[in-house]
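Residue strings, one per chain:
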Amino acid sequence: DMMREVLGLKELERKIKKKLPVEDVIVVAGDSDQSPWVKREMGRACVSRIKHSLKGNDIVAVTGGTTLAAVAEMMTPDLKYRDVLFVPARGGLGEDVTNQANTICARMAEKAMGHYRLLHVPDQLSAETYQSIIEEPAIREVLELIKSSTIVIHGIGDAKTMAERRKTPPEEMKKIEQNEAVAEAFGYYFNQHGDVVHKVNTVGIQLEDVRHVPCVIAVAGGASKAKAIQAYIKQANQCILITDEGAAKQLVRDD
Ligand code: G3H
C-alpha cells in the first residue's frame, strides 16, 4: 500500500472517512470522467472487496449501469463463489440492454463461475400488472431471493444524466427537475440532502430493504458525480464506497 500512500490516495480516504458517514472507502487513481479505464480500476477494487466480504452461501444483488458493467468485466473465478448466487437488485429501469441489471448479473456470475437467477419483468408496469406479476410463483421466488441478499453492489448516478439516459417520460422528468434531484441509485432519485424525491416503480429491492443488508458496496467515480455521491451517502446507512481520485478530490473540498 506504499504506492497508494505516496500517490495521496490513502490521505483522500482518511479525509472522506472524516467527512462522510461511510463504513469504509477505497479511492483508486485517476478520474473516470477523463479516462474510461479508471472504471475498470474501480471494478478491480470492488471485486477484491466483495471477495473479502463473502461468507460462503451469499446472495449478491447487483444494479445496472456502466460502472457495474466494469465490475462484472473485472470479476475473476474463485472457489469462494461456488455457492454464491447472483441476482439483479431490481427490475428494469429503462436502460439499454448492456446497462441492465439482468445483463450485468449474468455476466458477473459467469466470470465468477457462480450461479445466477434473473428477473423477467417488463420495465414500465401499471399498478394492476405490478400486483399480479409479483404474485407469479416464479417471480416471487426470485424476489424472495433478492430480498434476502447479503451483499448489494450498486452504482450512483447524476440525476439528470440518468433520467435522460433512461428516456424518462416528460412528467417524471419535470418532477425530478422541480424537486432538484442530484443523485440516483436503484431507480431512486435524491435531492442534495439525501431525501427521496422520485422513485421508478419496479420490483425487487426497495430502499428500506437496502438498510437491512449486511454489506452494501457503492461504486461511483468521476468528478461529475461528486454531488451525487455526497447526497446519496447522506441517507445511506454504513455503505462501503469505491470511488476514484476525480470524485474524491471534489468530495473533500470545503464548500
Ligand atoms: O444505475 C446506474 C447508476 O446509477 C449509474 O450508472 O455507472 O453508468 O454512471 P453509471
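In case you missed it, the structure is sitting above this.
Bear in mind that the values here come from a model prediction, so they are computed numbers and not experimental data.

Asks: Would you take a moment to explain the overall build of the chain for this structure?
Replies: Counting secondary structure elements, the chain contains twelve helices and eleven strands. For a compact globule of 255 residues, the expected C-alpha radius of gyration is about 18 Å, and the chain comes in at 17 Å, within 12% of that figure. The principal-axis extent of the C-alpha atoms belonging to the chain is close to 55 × 50 × 30 Å. In the chain, 71% of the contacts between residues at least 6 apart in sequence involve partners at least 24 apart. Of the accessible surface of the chain, which amounts to about 12,200 Å², a share of 52% is contributed by carbon and sulfur atoms. Side chains of the chain give 34 positive and 36 negative charges; the mean places of these two sets differ by 4 Å.

Asks: Sorry if this is basic, but what is going on with the pairing of strand β9 (residues 196-199) here?
Replies: The side chains of a regular strand alternate, first on one face of the sheet and then on the other. In the sheet, strand β8 (residues 188-191) pairs with β9 via three bridges, with the strands oriented antiparallel. Bridge pairing in β9 links F190 to V196. Two successive antiparallel strands, β8 and β9, enclose a turn made up of four residues, where G194 displays a positive phi of approximately 90°.

Asks: Please explain the side chain of E13 as it appears in this structure.
Replies: In this structure, E13 sits in helix α2 (residues 9-19). Engagement of the side chain of E13 in a polar contact is seen with the backbone nitrogen of V27, the distance being 2.8 Å. Not counting chain neighbours up to four residues away, the residues in contact with E13 comprise R4, V25, I26 and V27.

Asks: Is there a simple way to explain the layout of surface pockets in this structure?
Replies: Over the atoms rolls a probe the size of a water molecule, and its path tells where empty space is left. Quantified by volume, the largest pocket comes out at close to 440 Å³. Taken together, 33 residues make up the lining of the largest pocket; nearest its centre are G65, I156, M162, R165 and K225. For the lining of the largest pocket, the residue count by class is nine nonpolar, 15 polar and nine charged. In this structure, the second largest pocket spans a volume of roughly 270 Å³. Those elements that provide at least two residues to the lining of the second largest pocket are α2, β1 (24-28) and α3 (37-53). Classifying every residue of the lining of the second largest pocket by side-chain character gives eight nonpolar, one polar and nine charged.

Asks: Quick question: what am I supposed to make of the nonpolar core here?
Replies: Most often, soluble globular proteins keep nonpolar side chains buried together rather than apart. Core analysis: the largest hydrophobic core is formed by 49 residues, its most contacted members being I16, L119, F186, I205, I229 and Y232. It is helix α11 (residues 226-235) that provides the largest number of residues to this core, a total of six residues. Excluding anything up to four places from it in sequence, I16 contacts V22, V25, V27, A248, L251 and V252. Counting 31 residues, the second-largest nonpolar core is a separate cluster that includes V28, V71, A109 and C215.

Asks: Help me understand the site of the ligand, please; the structure alone is not making it clear to me.
Replies: As a matter of local geometry, the ligand sits amid G64, G65, T66, T67, G155, I156, G157, M162, R165, R166, E184 and K225. Contacts to the ligand include T67, whose side-chain N or O atom sits 2.5 Å from an oxygen atom. A distance of 3.1 Å separates an oxygen atom of the ligand from a polar backbone atom of G157. When the ligand sits alone it has 300 Å² of accessible area, and the protein chains cover 95% of it. Put simply, the ligand lies in the largest pocket. For the shell around the ligand, the secondary-structure elements that each account for two or more residues are α4 (66-74) and α8 (159-165). By residue class, the composition of the shell around the ligand is two nonpolar, six polar and four charged.

Asks: Explanation requested: the state of the cysteines in the structure shown.
Replies: Disulfide: a covalent bond connecting the sulfur atoms of a pair of cysteines. Summed over the entire model, instances satisfying the criterion amount to zero disulfides. Sulfur of C215: no disulfide; nearest cysteine sulfur belongs to C46 and is 9.0 Å away. On the accessibility criterion, C215 (9% relative accessible area) is buried. Here C239 is not disulfide-linked; the sulfur of C215 is the nearest cysteine sulfur, at 9.9 Å. Judged by relative accessible area, which is 2%, C239 ranks as buried.

Asks: How do you make sense of the packing of aromatic side chains when you look at a structure like this?
Replies: The description of an aromatic ring pair uses the distance of the two centres, along with the angle that the planes make with each other. All told, the structure shown has two aromatic pairs when counted by the stated rule. Between Y81 and F86 the ring centres are 5.8 Å apart and the planes differ by 40°, which places this aromatic pair in the tilted class. Here the two residues Y81 and F86 agree in accessibility, since each one is buried. Judged by centre distance (5.6 Å) and plane angle (85°), the ring pair of F190 and Y232 falls under edge-to-face. Separated by 42 residues along the polypeptide, F190 in strand β8 and Y232 in helix α11 bring together distant segments of the chain. Grouping residues by exposure puts F190 and Y232 together as buried.

Criteria and thresholds
- Residues numbered from 1 in each chain as written.
- Predicted model: local features only at pLDDT ≥ 70, side-chain atom pairs only at ≥ 80, totals over all residues.
- Heavy atoms only, no water.
- Helix = DSSP H or I, 4+ residues; strand = E, 2+ residues; numbered from the N terminus.
- Rg over C-alpha atoms; globule rule 2.2 N^0.38 Å.
- Contact = heavy atoms within 4.5 Å.
- Areas by Shrake-Rupley, 256 points an atom, 1.4 Å probe, with all protein chains shown as cover.
- Lys, Arg positive; Asp, Glu negative; His and termini not counted.
- Charge placed at Lys NZ, Arg CZ, Asp CG, Glu CD.
- Pairing = 2+ DSSP bridges.
- Polar contact = N/O pair within 3.5 Å; in protein donor to acceptor, adjacent residues only side chain to side chain.
- 1 Å grid on protein atoms, 1.4 Å probe; cavity = no way out; pocket = protein on both sides within 12 Å on 5 of 7 lines; lining within 4 Å.
- Points joined across faces, edges and corners; volume = space filled by probe spheres on them.
- Nonpolar A, V, L, I, M, F, W, Y, C, P; charged D, E, K, R; others polar.
- Core = buried A, V, L, I, M, F, W, Y, C linked by side-chain atoms within 4.5 Å.
- Buried < 20%, exposed > 50% of the residue type's maximum accessible area, 1.4 Å probe, protein only.
- Near = heavy atom within 4 Å.
- Sits in = over half its atoms within 2 Å of the grid points.
- Disulfide = S-S within 2.5 Å.
- Phe/Tyr/Trp six-rings, centres within 6.5 Å; stacked < 30°, edge-to-face > 60°.

Everything listed is a geometric property; what it means functionally is a separate question.
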